[in-house]
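So you can see what is in the structure, the chains are spelled out below.
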Amino acid sequence: MKKLKKLLALALAILSCAILFCACGDEKEKPSTGDGTQTEQDGSTATVATTINAILEGKTGDVSISVKTLTKLNTSSNQTLTLGSSALQTVVINGGTNGAMLEFTGAGASAVQVNENATLVFKNLTLKDSTAVASQGYSTGYIKFGGKLRFENCKIYDGIALKNNANAEFKDCDFRSSNASKYAVWVSAGNVSFKDCTFTGTRGIKIHEEYNSDVVSVSIEDCEFENLTKKPALAIGDIRI
């Protein structure tokens, strides 16, 4: 009888261990959220469906947006796209150490900016142009910007145009014009400065006043223009006095 009890106890012990082992083996690692979260703004998160336009709705004061992967900014067919409200002061869109991509979508006719008293900062980003190419005058096919702007350590591989009395600074930016008919930067208005920037590809900087625009000043300091294949580093068109 004692022997039988010992055998039963041993069997129960083995069975208990087997159940415990199976339970542990079946417990899988909890999956990550997998919701495509990519943008953080003031401690909150935004999913892949969110655009910069939507994040800035109703925001005031100083806003910082951290872009982890691909994020979109939707342009329109209007001449001007003013992001956020009149109560914004500074908007910083930061791509982080990996230089996340900011994709421009939509009709592509509008100059992207914030209110006239605020500054829009693009930092550590790769800019991508996925806008529609419509009839937009001289600046057809360019990503357009206006107002107070600062670009820091950005990769700009599609042509951009500065309009609407732009007051723009470029620091440590890498420009590459891949389209034979487009300049890296088209300056058609305002005050623009380039410092420690690099230009490669087909064309460099174009200064040309478009319609009723007014170029006030352009400063180029310690920049490199390497092996441009179609145009000189600086091309100057119409400057109306």
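Owing to the predicted nature of the structure, the values given are computational and were not obtained by experimental measurement. (Residues numbered from 1 in each chain as written. Predicted model: local features only at pLDDT ≥ 70, side-chain atom pairs only at ≥ 80, totals over all residues. Heavy atoms only, no water.)

Visitor: How should empty space enclosed by the protein be read in this particular structure?
Guide: Left-over empty space is what a probe sized like a water molecule reveals as it rolls over the atoms. Within the structure shown, the criterion is met by one cavity of 30 Å³ or more. One number sums up the size of the largest cavity: a volume of about 30 Å³. Around the largest cavity, the lining residues are Thr75, Gly108, Ser110, Val112, Thr131, Tyr142, Ile143 and Lys144. Among the residues forming the lining of the largest cavity, the class breakdown is three nonpolar, four polar and one charged. (1 Å grid on protein atoms, 1.4 Å probe; cavity = no way out; pocket = protein on both sides within 12 Å on 5 of 7 lines; lining within 4 Å. Points joined across faces, edges and corners; volume = space filled by probe spheres on them. Nonpolar A, V, L, I, M, F, W, Y, C, P; charged D, E, K, R; others polar.)

Visitor: What is the right way to read the nonpolar core from this model?
Guide: Here is a general trend for soluble globular proteins: nonpolar side chains tend to be buried in one another's company. Among the nonpolar cores identified, the biggest contains 46 residues, and Phe122, Phe145, Leu162, Phe170, Phe175 and Phe194 are the most heavily contacted of them. Once you skip the residues sitting within four places of it in the chain, Phe170 turns out to touch Phe151, Ile156, Ile160, Leu162, Phe175, Val192, Ser193, Phe194, Lys195 and Cys197. Listed in part, the five residues of the second largest apolar core include Tyr142, Ala161, Trp186 and Ala235. (Core = buried A, V, L, I, M, F, W, Y, C linked by side-chain atoms within 4.5 Å. Buried < 20%, exposed > 50% of the residue type's maximum accessible area, 1.4 Å probe, protein only. Contact = heavy atoms within 4.5 Å.)

Visitor: I tried to follow the side chain of Thr126 on my own but got confused; where do I start?
Guide: Note on placement: Thr126 falls in strand 10 (residues 126-129). According to the relative accessible area criterion, Thr126 is buried, its value standing at 15%. Residues in contact with Thr126, not counting those within four places in the same chain, are Gly99, Ala100, Met101, Leu102 and Lys155. (Helix = DSSP H or I, 4+ residues; strand = E, 2+ residues; numbered from the N terminus.)

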